[in-house]
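Tertiary structure, described
Next come the chains, spelled out residue by residue.
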Amino acid sequence: MTTTPLPLRILVAKPGLDGHDRGAKVIARALRDAGVEVIYTGLHQSPERIVEAAIQEDAAGIGLSVLSGAHLTLFAKVIELLDQRDAADITVFGGGIIPEADIGPLERIGVARVFTPGTATHDVVDWVRTRVGGGVPA
């Protein structure tokens, strides 16, 4: 008996009060078009709701889009909640308006990758497939 691997599932979220979601939608669509199953949570999500949704949806990764300047706090809270829920195996990555000086601190708390403005969507898709999907096609 052969089993077909389940499609790679990624949750894309907009935490906090930021109301601009164009970038998140572009990434969600690029991942979807590449065969990734995408769960988009919409605007104004709390870290608690994001983590709960990722666990319920059996997501392999969480992509956070932050433009509000609260990236250090929001990413840290998501990582902390994943640890508390024994879900630290869910890969957290993100992007938005994040200063270069903050990328290192984000990586040190467990953010796997930060994509900055201008990153090609195919680079995000390739990274997600390799890093989150284990190199297996979506």
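Residues numbered from 1 in each chain as written. Predicted model: local features only at pLDDT ≥ 70, side-chain atom pairs only at ≥ 80, totals over all residues. Heavy atoms only, no water.

Under an unreviewed UniProt entry, the protein has the name Cobalamin B12-binding domain-containing protein and belongs to Streptomyces chartreusis. Its UniProt record, at the heading Cofactor (unreviewed entry), says of the protein: "adenosylcob(III)alamin". (UniProt positions renumbered as here; feature names shortened; annotations may be inferred.)

Summing up its helical and strand segments, the protein has 5 helices and 5 strands in all. If you list the helices and strands of the protein from N to C, you get β-α-β-α-β-α-β-α-β-α. Expected size for 138 residues packed as a compact globule is a radius of gyration near 14 Å; at 14 Å, the protein falls within 12% of this value. In terms of its C-alpha atoms, the protein occupies a principal-axis envelope of roughly 50 × 35 × 25 Å. Every one of the 138 residues in the protein was classed for burial, and the buried ones make up 43%. Summed over all atoms, the accessible surface of the protein reaches about 7,400 Å², with 52% contributed by carbon and sulfur. Distance from the positive charge centre (13 side chains) to the negative charge centre (17 side chains) of the protein: 5 Å. (Helix = DSSP H or I, 4+ residues; strand = E, 2+ residues; numbered from the N terminus. Rg over C-alpha atoms; globule rule 2.2 N^0.38 Å. Buried < 20%, exposed > 50% of the residue type's maximum accessible area, 1.4 Å probe, protein only. Areas by Shrake-Rupley, 256 points an atom, 1.4 Å probe, with all protein chains shown as cover. Lys, Arg positive; Asp, Glu negative; His and termini not counted. Charge placed at Lys NZ, Arg CZ, Asp CG, Glu CD.)

What follows is about the layout of surface pockets. Over the atoms, a rolling probe the size of a water molecule traces out where space has been left empty. Volume-wise, the largest pocket comes out at about 360 Å³. Around the largest pocket, the lining is made up of 21 residues, and of these Gly23, Ile27, Gly95, Gly96 and Phe115 lie nearest the centre. Elements that contribute at least two residues to the lining of the largest pocket include exactly helix H1 (22-33), strand E3 (61-66), strand E4 (91-96) and helix H5 (121-132). Looking at side-chain class alone, the lining of the largest pocket contains 11 nonpolar, 10 polar and no charged residues. (1 Å grid on protein atoms, 1.4 Å probe; cavity = no way out; pocket = protein on both sides within 12 Å on 5 of 7 lines; lining within 4 Å. Points joined across faces, edges and corners; volume = space filled by probe spheres on them. Nonpolar A, V, L, I, M, F, W, Y, C, P; charged D, E, K, R; others polar.)

Here we come to the pairing of strand E1 (residues 9-13). Taking burial as the measure, the 5 residues of E1 include 5 buried ones, the bulk of the element. Covered by surrounding structure in E1 are Arg9, Leu11 and Ala13 together with Ile10 and Val12, the residues of both alternating faces. Sheet topology places E1 next to E3; 4 bridges connect them, and they run parallel. Pairing of Leu11 across the sheet is with Ile62, part of E3. (Pairing = 2+ DSSP bridges.)

With that settled, the discussion passes to the environment of Ile55. Tracing the backbone shows Ile55 in helix H2 (residues 47-56). Note on Ile55: relative accessible area 28%, which makes it partly exposed. When near neighbours in sequence (up to four residues on either side) are disregarded, Ile55 contacts Arg85, Ala87 and Ile90. (Contact = heavy atoms within 4.5 Å.)

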